[in-house]
Amino acid sequence: CHAPAGPTLALLTRGPTAQELLLPPSPAPTPKAEQRDPNPAAMATERPVRLVLDASLLLDPVGAGAPVPTLRPGAEALLRRLRHSNLGVAICHPEEMPTTVSGFLEMAADLNSFGYISLPAPTGNHLLNELMLEWSRTSSCFYATSTVDEDLFSELQSHNWKVIAVDNECGTKDSGVVNIGKLQELLITLATLIKKEIASSSILMVGYAMKPSREEDFAKRGAFPLYPSQNGLIFVPLSFELHLASQLQEVDIILHKMTDEIISIDPNCSISFPRGISFSAGMSEVIRFMEEYPDFCIIDPFKNISPLLDRLQIQEILVRLQELGSEGRPKLRAPHSLKVINFSGSELQKQLAEANLSFPLIVKPQVACGVADAHNMALVFQIEEFSNLSVPLPAILQEYIDHGSKIYKFYVIGDKVFHAVKTSMPNANLLKSSSGDEPLTFNSLKTLPVATKEQLLLNRAQDNKSLNIGVVEEAAKLLKESLGLTIFGFDVVVQEGSGDHVIVDLNYLPSFKEVPDSEAMPAFWDAIRQSYESKKGKVQT
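Rules behind the numbers
- Residues numbered from 1 in each chain as written.
- Predicted model: local features only at pLDDT ≥ 70, side-chain atom pairs only at ≥ 80, totals over all residues.
- Heavy atoms only, no water.
- Helix = DSSP H or I, 4+ residues; strand = E, 2+ residues; numbered from the N terminus.
- Buried < 20%, exposed > 50% of the residue type's maximum accessible area, 1.4 Å probe, protein only.
- Contact = heavy atoms within 4.5 Å.
- Areas by Shrake-Rupley, 256 points an atom, 1.4 Å probe, with all protein chains shown as cover.
- Pairing = 2+ DSSP bridges.
- Axes fitted to C-alpha atoms, helices over the stretch in contact; angles between N-to-C directions.
- Phe/Tyr/Trp six-rings, centres within 6.5 Å; stacked < 30°, edge-to-face > 60°.
- Salt bridge = Lys/Arg side-chain N within 4 Å of Asp/Glu carboxyl O.
- Polar contact = N/O pair within 3.5 Å; in protein donor to acceptor, adjacent residues only side chain to side chain.

K.L.:
Help me get a handle on the overall build of the chain, residues and values and all.
P.N.:
Of regular secondary structure, the chain possesses 18 helices and 23 strands. Across the 541 residues of the chain, 54% fall into the buried class. A sequence separation of at least 24 residues applies to 70% of the contacts in the chain between residues at least 6 apart. For the chain, the accessible area works out to roughly 24600 Å², and carbon and sulfur atoms hold 51% of it.

Written out as structure tokens, the structure reads:
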């Protein structure tokens, strides 16, 4: 939008008072598990950050004049990320803009819980100038636009606003304006300016890379604030559409879910990072960066994560935990298992006996994650059911453990261990009665057969083996030490009859959505910061 010369900012009233309803909201308090003593990072972040987005930044210039306005490419993702950024955000436009466009922008503001501002021609009313002065006294203020208006920039800067000009064809001669080339650069530019504004060496910037759906799950819980977390972390997405090296120069820590960026895994190759794994171009660049700068803090190192891509390696890791059991305590173990490269071998029955395996068996692909069919599994009740089985090969055959339809999901987040109880698959006899003499196939992420309420009640009446938290927490500590991971999860079932505690799955950077945000987020931030400080300490020594 091109505002008339010498404009002032005026709030468009549509409620009790403009000041009450339409100001960009101040950042919400971050989740806290407990009250902490003040520290330099926390004290530095008491000053809120406000961001005003000009309409020119958001509207698609290609659709200018069209009956229905649209957002420019990348604007929707920007708004979604800012919604969960813990910044005070508002959208603004010139007062003379057509009502179809202003209404569209107002809807976008409402949808994302942003403020909404109009830019009229100057009227001699200086009320808003006072309001802007109040903002600048109490907040760090930023104005982002794609239109050059030197008069507007001058007025904003006179009230201590920082101006970011995005994708301007001619740019601006004003040395106080930050010019960037693409909309995708806005967040990391803003984060860098916020860090500079706070001027505290304790503030760290975390660049994260993961698929959009996972990012959204974390972000809507408040995990990725642009306004610093209570322990001084600022989060920005790493964009693989931009020059990655320049982004990595700005961040202190890389947080990633590398399995989201796997293109393919060769199932016939012994998975040993990076052999046998093909990554996206962006993640391949991150890998090359870490090879060149091995002392850079990354959560977590690729070689530490790679064993969790292979269910056979996971099995070998879990077998080493079996010595934890002691007199008077339940046995902790991995499920009995066997790797097979086909389902038709005449020796299969013999192999099953040697591996101490009996039916029913759960059949899983050896590749544990990162590819589309890694979670396609089957429950097999007799040897004949292996013919024409659709589970990818090579595969891992595991004993199916009756566990009363109850699974315990453990999450290790730094030095904290959390767990939640979830409903799981019914006991084998109930599954067999519904299988119709066929293997029961399912996707463990999408179509897992979960026990009904009636089956749960039956299980509770038949067996009441309880979880021994102490044994599992010891296992969590040993796993953390042996794997060298900051954030991971594993699943435990308690076998009916024996009471054995069996770890049936192990994964990196789970969502830990069952853990309340008030506990999970501080633990998440602390784990990241502790990992950085530990890495920094090792480098210095």
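Additional details are given in the paragraphs that follow.
K.L.:
Explain the pairing of strand β18 (residues 395–399) residue by residue, including any values.
P.N.:
Counted residue by residue, β18 has 5 buried out of 5 residues, so it is predominantly covered. On β18, burial covers both faces: A395, L397 and E399 on one face and I396 and Q398 on the other are all buried. Pairing of strand β15 (residues 337–340) with β18 involves 4 bridges; the strand directions are antiparallel. Each residue of the ladder has a partner; that of V340, found in β18, is A395.

K.L.:
Let's hear about the sheet that holds strand β22 (residues 487–494): which residues, and what values?
P.N.:
Strand pairing within a sheet occurs via backbone hydrogen bonds; the two strands may be parallel or antiparallel. On the basis of which strands lie adjacent, the open sheet formed by 5 strands has the order β14-β23-β22-β19-β20 and mixed pairing. Sheet topology places β14 (332–333) and β20 (416–423) at the edges, where each strand pairs with a single neighbour. Both β22 and strand β23 (residues 501–508) contribute to a ladder of 7 bridges, which runs antiparallel. If you follow D491 over to β23, its bridge partner there is D505. Against the sheet, helix α17 (residues 469–483) engages β14, β19 (406–413), β20, β22 and β23, with an angle of about 145 degrees to β22.

K.L.:
Requested: an account of the packing of aromatic side chains, with residues and values cited.
P.N.:
Counted by the stated rule, this structure contains 14 aromatic pairs. Seen from their ring centres, F218 and F512 are 5.6 Å apart, and the 75 degrees between their planes marks the pair as edge-to-face. Residue F218 is found in helix α9 (residues 212–219), and its partner F512 is found in the loop between β23 and α18 (517–540); the two are separated by 294 residues along the sequence. Of the two residues examined, F218 and F512, each falls in the buried class. Seen from their ring centres, F410 and F490 are 5.4 Å apart, and the 10 degrees between their planes marks the pair as stacked. Here the residue F410 occupies a position in strand β19, and F490 occupies one in strand β22, the gap between them amounting to 80 residues.

K.L.:
If you had to explain the pattern of salt bridges to someone new, which residues and values would you point to?
P.N.:
All told, the structure shown has 15 salt bridges when counted by the stated rule. A salt bridge links D491 to K409; its shortest N-O distance comes to 3.0 Å. Taken as a pair, D491 in strand β22 and K409 in strand β19 lie far apart in primary sequence, 82 residues in all. The exposure class of K409 is buried, given its relative accessible area of 18%. Between K416 and D415 there is a salt bridge; the shortest N-O distance is 3.6 Å. A relative accessible area of 39% means that K416 is categorised as partly exposed. Residue classification places D415 among the exposed residues on the basis of a relative accessible area of 54%. Each of the salt bridges in this network shares a partner with another, and the network as a whole consists of R333, E399 and D500.

K.L.:
I'd like a description of the sheet that holds strand β9 (residues 233–237), backed by residues and values.
P.N.:
Strand order in this open sheet of 4 strands is β9-β8-β10-β13, and the pairing throughout is parallel. If you trace the sheet from one side to the other, it starts and ends with β9 and β13 (297–299), each paired once. Sheet twist, expressed as the mean angle between neighbouring strand axes with direction ignored, is 25 degrees. Of the pairings in the sheet, the one linking strand β8 (residues 204–209) to strand β10 (residues 253–256) comprises 4 bridges and is parallel in character. Of the residues in β10, the one forming a bridge with Y208 is L255. Strand contacts of helix α8 (residues 186–198): β8 and β9, with the helix running at about 165 degrees to β9, the strand carrying the most contacts.

K.L.:
Explain the environment of D526 to me, and be specific about the residues and the numbers.
P.N.:
In this fold, D526 is placed in helix α18. Residues D526 and I413, spaced 113 residues apart in sequence, show a C-alpha to C-alpha distance of 8.6 Å.

K.L.:
Describe helix α13 (residues 311–319), listing the residues and the values that go with them.
P.N.:
Restricting attention to buried positions, one finds in α13 the residues R311, Q313, I314, Q315, I317 and L318. Buried positions along α13 lie against β15, β16 (361–365), β17 (376–380), β18, α17 and β23. N-capping of α13 is provided by D310, with a side-chain oxygen placed 2.8 Å from the backbone N of L312.

Worth remembering: the numbers are spatial, not functional.
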